[in-house]
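Per-entry structural report
This is what each chain is made of:
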Amino acid sequence: MKVFISADIEGTAGIAHWDEAERTHADWAEFRALMTAEVVAACEGARAAGATEVVVKDAHDSGRNLILDRLPDYVRIVRGWSGHPDAMMFGLDAGFAAAIYTGYHSKAGSEDNPLAHTSTMRISRLLLNGEVASEFTVNALCAAGYGVPSVFLAGDAGICSQARAMVPGLKSVETLEGKGRSTTSISPAWSRRLIREGVAEALSGDFAQVLPRRAERYEVVIEFNNPTDAYRAGWYPGAYAHGPRAVAFKHADFAEILRALVFLKA
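Residues numbered from 1 in each chain as written. Predicted model: local features only at pLDDT ≥ 70, side-chain atom pairs only at ≥ 80, totals over all residues. Heavy atoms only, no water.

Description of the pairing of strand β4 (residues 98-104)
The element β4 is largely enclosed, with a buried count of seven among its seven residues. The sheet contact formed by strand β1 (residues 2-7) and β4 spans five bridges and is parallel. Residue pairing across strands places S6 opposite Y101, the latter belonging to β4. The pairing of β4 with strand β7 (residues 150-155) spans four bridges and is parallel. Each residue of the ladder has a partner; that of Y101, found in β7, is L153. (Buried < 20%, exposed > 50% of the residue type's maximum accessible area, 1.4 Å probe, protein only. Helix = DSSP H or I, 4+ residues; strand = E, 2+ residues; numbered from the N terminus. Pairing = 2+ DSSP bridges.)

Structure, rendered in structure tokens:
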């Protein structure tokens with residue numbers, strides 16, 4: 001059994017400020033260690049459930065956050081950014097049994113995490129078929145395109161609630177809850193224990209049908225903070241204006257939505 005983990009940091013237990021997520025700031029060293037520890041806990045849970053191999057995509061910022069020497073010996077790690085449309089899910093294919101998400105955070109426009117965003121801080125909201133979408137929304141549909149179910153997520157309370165609604169049967173661990181510029185979090189040790197147990201439970205059950213519902217056609221709308229970003233994105237073939245600061249793109253194949261996003265949000 002091969003398991004894929006997409007690892008972010010803004011939903012890691014204890015995080016509260018952008019300084020803790022920025023590699024150029026001294027606070028990042030502590031939180032890259034906490035991010036790594038949550039990934040290791042997920043790996044251990046997968047192993048306990050019978051996983052023979054785990055592939056981890058370091059999916060935050062530079063893609064070079066995890067402390068590699070702390071990863072178990074059955075793990076392969078994908079670092080940096082290839083430019084492939086799968087982005088935070090790069091390395092995934094149809095040979096994986098399940099996808100897992102750690103350190104995930106609420107979508108742009110949400111008040112559930114002071115670090116809430118979607119992909120880039122230039123985006124005020126990203127909508128998919130009229131619903132405000134998160135990075136998890138996009139990534140779970142990416143996994144579903146390979147026939148891979150998304151079975152577990154750890155992150156803030158907002159993204160956990162959204163993920164459970166989108167993928168019935170998905171198990172989650174709520175690491176923190178945001179209020180204004182503050183967060184209330186469980187302890188890192190508590191988070192790691194729940195992640196380890198939650199992943200093992202998720203992978204030990206009947207999870208083959210834990211897939212998000214796919215649409216016959218997709219429309220993605222990106223609302224930018226700055227109208228000049230929308231003007232630039234509007235030059236992508238097939239893109240069209242969707243208001244003074246927004247650009248949209250439609251396609252029946254979600255893989256084409258992923259391809260468009262590479263260029264629309266660049």
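Some details on the pattern of salt bridges
Applying the stated criterion across every chain yields a total of eight salt bridges. Here E44 and R196 are joined by a salt bridge, their closest N and O atoms 2.7 Å apart. Of this pair, E44 sits in helix α1 (residues 28-48) while R196 sits in helix α4 (residues 188-204); the two residues are 152 residues apart in sequence, bridging distant segments of the chain. Using a relative accessible area of 32% as the deciding quantity, one classes R196 as partly exposed. Put simply, E223 and R125 hold a salt bridge, and the shortest N to O gap is 2.9 Å. Remark: R125 occurs in strand β5 (residues 123-128) and E223 occurs in strand β11 (residues 218-224); sequence separation between them is 98 residues. (Salt bridge = Lys/Arg side-chain N within 4 Å of Asp/Glu carboxyl O.)

Points about the packing of helix α2 (residues 135-145) against helix α3 (residues 157-166)
Interhelical geometry of α2 versus α3 gives an angle of 35 degrees and a closest axis separation of 10 Å. Judged by the twist between their axes, the crossing of α2 over α3 is right-handed. On α3, the residues touching F136, T137, A140 and L141 of α2 are I159, Q162, A163 and M166. Considering only residue class, the contact of α2 with α3 consists of six nonpolar, two polar and no charged. (Axes fitted to C-alpha atoms, helices over the stretch in contact; angles between N-to-C directions. Left-handed = near helix turned anticlockwise from the far one by under 90°. Contact = heavy atoms within 4.5 Å. Nonpolar A, V, L, I, M, F, W, Y, C, P; charged D, E, K, R; others polar.)

A word on the packing of aromatic side chains
Per the counting criterion, the structure on display carries seven aromatic pairs. Where Y231 meets W235, the ring centres are 6.0 Å apart and the plane angle is 85 degrees; that geometry is what we call edge-to-face. Classification of Y231 by relative accessible area gives exposed; the value is 58%. Centre to centre, the rings of Y236 and F263 are 5.7 Å apart; their planes meet at 20 degrees, and the pair counts as stacked. (Phe/Tyr/Trp six-rings, centres within 6.5 Å; stacked < 30°, edge-to-face > 60°.)

Structural notes on the environment of R122
Within the secondary structure, R122 is located in the loop between β4 and β5. For R122, a relative accessible area of 32% translates into the label partly exposed. Not counting chain neighbours up to four residues away, the residues in contact with R122 comprise E223, F224, N225, D229, K265 and A266. There is a polar contact of 2.6 Å between the side chain of R122 and the backbone oxygen of K265. (Polar contact = N/O pair within 3.5 Å; in protein donor to acceptor, adjacent residues only side chain to side chain.)

Describing unusual backbone geometry
Notably, A87 is not glycine yet its phi reads approximately 50 degrees, a positive angle. Given the relative accessible area of 26%, A87 is considered partly exposed. One non-glycine residue with positive phi stands out, namely N129, at about 50 degrees. Residue position: N129 is located in the loop between β5 and β6 (131-132).

Comments concerning the sheet that holds strand β13 (residues 246-251)
If you walk across this open sheet you meet the five strands as β6-β5-β11-β13-β12, and the pairing is antiparallel. What marks the edges here is a single partner per strand, and that holds for β6 and β12 (240-241). Here β11 runs beside β13; their pairing, made up of six bridges, is antiparallel. Bridge pairing links E223 to A246 in β13.

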